[in-house]
Amino acid sequence: MPQIILVGVDGSDSSRRAAETAASLAASTGATLHVMMAAEDRDRPAEGQYVGDVRIQSPAEAIATEIADALEGTAPNVQASPAHGRPADALVQVATDIGADLIVVGNRRVQGIGRLLGSVASDVAQHAPCDVYIVKTV
């Protein structure tokens, strides 16, 4: 049984469905659910940027946090964080860093022309340090 489940999100309906599936899996196994969104470095605010007493979040951190907060009641322990870099690379790196037992991603862009050009799900499946669950979301 997985103890740490990592799900990649991007704010799309497809990734939200993948996150809901990951939360259900985490609930059924008692695993920690880690919600992550990748962003390029140019999209991240400088470390420690504040407006008054409020720390400025990157768009990736805001989306990951919003989705994690929505899943709080479903899974026993939900965490959120941004990662930097290409989505597939970031998912593989974070999975390695946190010792994930399972990576969950949606199947958006796995059909049609996306299949020929590659997709996050395909890249993660090829390079993951653990099992990968590709949720049928489209």
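Okay, so let's go over this structure. (Residues numbered from 1 in each chain as written. Predicted model: local features only at pLDDT ≥ 70, side-chain atom pairs only at ≥ 80, totals over all residues. Heavy atoms only, no water.)

### Focus on the sheet that holds strand β1 (residues 4–8)
Phase 1: Spatially, five strands are ordered β5-β2-β1-β6-β7 in an open sheet, and the strand pairing comes out parallel. Of all the strands in the sheet, just β5 (77–84) and β7 (131–135) have a single pairing partner and so form its edges. Sheet twist, expressed as the average angle between the axes of neighbouring strands with direction ignored, equals 25°.
Phase 2: Here three bridges tie β1 to strand β6 (residues 102–106), and the two strands are oriented parallel to one another. Pairing of V7 across the sheet is with V104, part of β6.
Phase 3: Contacts from helix α1 (residues 13–29) reach β1, β2 (32–39), β6 and β7 within the one sheet, and its direction differs from that of β1 by about 175°.
Phase 4: On the sheet, helix α2 (residues 59–71) packs against β2 and β5 and is oriented at approximately 155° with respect to β2. (Pairing = 2+ DSSP bridges. Helix = DSSP H or I, 4+ residues; strand = E, 2+ residues; numbered from the N terminus. Axes fitted to C-alpha atoms, helices over the stretch in contact; angles between N-to-C directions. Contact = heavy atoms within 4.5 Å.)

### Examining the packing of helix α3 (residues 87–98) against helix α5 (residues 120–127)
Phase 1: Orientation of α3 relative to α5, taken along the N-to-C sense of each, is 35°, at an axis distance of 8 Å. α5 is crossed by α3, and the crossing has right-handed handedness. Contact with α3, carried on its side by P87, A88, L91 and V92, involves V120, D123, V124 and H127 of α5 and no other residues of that element.
Phase 2: Broken down by class, the residue content of the contact of α3 with α5 amounts to six nonpolar, one polar and one charged. (Left-handed = near helix turned anticlockwise from the far one by under 90°. Nonpolar A, V, L, I, M, F, W, Y, C, P; charged D, E, K, R; others polar.)

### A short note on the pattern of salt bridges
Phase 1: This structure, assessed with the given rule, holds three salt bridges.
Phase 2: Among the salt bridges present, the one from R16 reaches E66, with a minimum N-O distance of 2.9 Å. You can see R16 sitting in helix α1 and its partner E66 sitting in helix α2, a full 50 residues away along the chain.
Phase 3: Where salt bridges share partners, they join R86, D89 and D123 into one cluster. (Salt bridge = Lys/Arg side-chain N within 4 Å of Asp/Glu carboxyl O.)

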